[in-house]
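This is what each chain is made of:
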Amino acid sequence: MAHIAWKALCRALLLSAAVVASGACASDTTGPNDGIAEIRFSAQPADATAGAEISPAVQVVLLDGDGNTITGADVEVGIQIGTNVGGGRLTGTTRVKATNGVASFADLSIDRSGSGYTLLASLAELRDTSTSFAIDPAAPFQLSFVSQPVVDTARGTIAPFVVEIQDQFRNRIMGANDVVTVALDANPGAMIFHASGASTDSSVLQYVDPLTPEVLPGLPAAQASEISGMTYDAMSGRVLAVEIGTELLEIDPLSGAVATIGVHGVLPLRGLTWEQGGSGRLLASHPHRNEMYELNPSTAAATLLGGLDIANDSVLGINGLATDPTDGSIYAVVRLRDNVNRRMRDLVTVDVNALVTTRIGTLSEEGVASLAFYPDGTLYAATGDGGTHPESLWSVDKTDASMKLIVPMGEGNTGEAIVCVPAHLSGTLAVTAAEGVAVFSDLTIDAPAEGYVLIATAPGLATTLSVPFDLIRP
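Residues numbered from 1 in each chain as written. Predicted model: local features only at pLDDT ≥ 70, side-chain atom pairs only at ≥ 80, totals over all residues. Heavy atoms only, no water.

A. View of the nonpolar core. Phe161, Val180, Phe193, Met230 and Phe440 are the most contacted members of the largest nonpolar core, which totals 44 residues. Grouped together as the second largest cluster of nonpolar side chains are 29 residues, Ile81, Val96, Phe105 and Ala121 included. (Core = buried A, V, L, I, M, F, W, Y, C linked by side-chain atoms within 4.5 Å. Buried < 20%, exposed > 50% of the residue type's maximum accessible area, 1.4 Å probe, protein only.)

Okay, here's the thing in structure tokens:
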């Protein structure tokens, strides 16, 4: 009897557990077996703008097997992108608990434009896909290099590249037709600009590439007297020059056009440089006396600063002047009293405040008439101040005044002025975008260097920079 009673008790306990388990299942509203047979989009996603909320709110309804809304269900429904035509990212609240059988998604947005997006709603193994919709670009905001300038040869055409007009999410603005302009941002390149006195009433202007080395075809003859000194004006992008007469000139180094700034009244001047490499005073020197002058770059008015001195000797004339961009030191070519040969000249540094010089040494070649610095601090000199001596470009050792021939430049009479001019970008620099795309296909840069960067601009839009690229020697 005891054994029978024990078996009856066990059967009762098992039945009680089954009832409890059955009741738990009936009241569980979070699983797939609680009477929810289907989920369905009841409010489909509408077209929207990139980054903006999809409105009105997307809604998903919970249905039983007869298609009725299960108003008591409070399960959590998830949503994600189904068909991702634009590679977009869905942001907002993507898991929502249903209220009265409906899950409402009120703050969804997608950042990338495209037509044919869908959303996918899910609850356990239940799924539903929305109708398709479009995401349009937001307002024009920025420019972007979608293809980049590539390594190429200096003076060769840079391979075509594309700049897009985009919104803040990098979507192309298909209807945009703004004018996009490119220019050099980082410009590590440079050329030597050379003025050769071909006659008493004109100067031939040409570029010299000391890295190739190569003398490039000359610019149109400048209608000016013989150019005797030049310096680059970074503010205007022009070359300032003095000539054998008494005028301060402005030369466009791209066209060779010459304009007169004014008369300085000193006959003649030869050296010309900016103190501190483009800021501070515009300095000039006299080739037959030891005098240094300051010139007003707007009016050409000259102010005598005084005469240069050097230990144990006298300065009889100052030819070239140039400012080292790496440390601001001013270098000059001077003729000293103890040098009976007027074509032999010395290299010195100049303290323009104390008007004293420090002698580096006698230049190893005769007839040095002009100096110019490259951006990396390399010092170049031009020789040939006489019709029987060819004009040539030399590099100069700043420690001992020794010189190395780079390239012959011409056969002019007495004009051997040189200056370093930054590399320039040429071609079609302003392009009207079509469907938000501006294609640049004919650009060239005239000097080899590493680390060029282009900047693209358009009115009202954020600018953009290209990746750095190099131009190798031809």
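After that view, the rundown keeps rolling.
B. Molecular detail of the environment of serine 132. With respect to the element layout, serine 132 can be found in the loop between β11 (126–129) and β12 (133–136). The spatial distance from the C-alpha of serine 132 to the C-alpha of alanine 46 is 8.5 Å, given a sequence separation of 86 residues. (Helix = DSSP H or I, 4+ residues; strand = E, 2+ residues; numbered from the N terminus.)

C. Broad picture of the packing of aromatic side chains. This model, assessed by the stated rule, comprises seven aromatic pairs. Here the aromatic rings of phenylalanine 161 and phenylalanine 440 are separated by 5.5 Å at their centres, their planes lie at 15°, and the arrangement is stacked. On the criterion of sequence distance, the pair formed by phenylalanine 161 in strand β15 (residues 161–166) and phenylalanine 440 in strand β39 (residues 437–440) is long-range, its members being 279 residues apart. A ring pair is formed by tyrosine 374 and tyrosine 380, whose centres lie 5.5 Å apart and whose planes are at 70°; its orientation type is edge-to-face. Residue tyrosine 374 is classed as buried on the basis of its relative accessible area of 6%. By the ring-pair criterion, three or more aromatic residues cluster together here, those being Phe145, Phe161 and Phe440. (Phe/Tyr/Trp six-rings, centres within 6.5 Å; stacked < 30°, edge-to-face > 60°.)

D. Quick look at the sheet that holds strand β6 (residues 95–97). The four strands lie next to each other as β6-β4-β10-β11, forming an open sheet whose pairing is antiparallel. With one partner strand each, in any of the chains shown, β6 and β11 form the two edges of the open sheet. Here the strands of the sheet are splayed against their neighbours by 25° on average, with no regard to which way each runs. Bridge analysis of strand β4 (residues 76–81) against β6 gives three bridges, and the strand direction is antiparallel. Paired with valine 77 across the bridge in β6 is valine 96. (Pairing = 2+ DSSP bridges. Axes fitted to C-alpha atoms, helices over the stretch in contact; angles between N-to-C directions.)

E. Representation of the sheet that holds strand β28 (residues 315–323). The antiparallel open sheet is built from four strands, whose spatial order is β28-β29-β30-β31. Every other strand in the sheet has two partners, leaving β28 and β31 (356–362) as the edge strands with one partner each. Shown here is a sheet whose adjacent strand axes are inclined to one another by a mean of 30°, direction ignored. Sheet topology note: the β28/strand β29 (residues 330–336) ladder contains six bridges and is antiparallel. The residue of β29 that forms the bridge with threonine 323 is isoleucine 330.

F. Spotlight on unusual backbone geometry. Proline 56 follows serine 55 through a cis peptide bond whose omega is 0°. Threonine 212 connects to proline 213 through a cis peptide bond whose omega is -20°. Mapping proline 213 onto the fold places it in the loop between β18 (203–209) and β19 (214–215). At alanine 300, a position not held by glycine, the phi torsion is positive, near 80°. Within the secondary structure, alanine 300 sits in the loop between β26 (291–295) and β27 (302–307). The phi torsion at alanine 401 lies on the positive side, around 70°, for a residue other than glycine. Tracing the backbone through its elements, the reader meets alanine 401 in the loop between β34 (391–396) and β35 (403–410).

The values reported here are purely geometric and, on their own, carry no functional implication.
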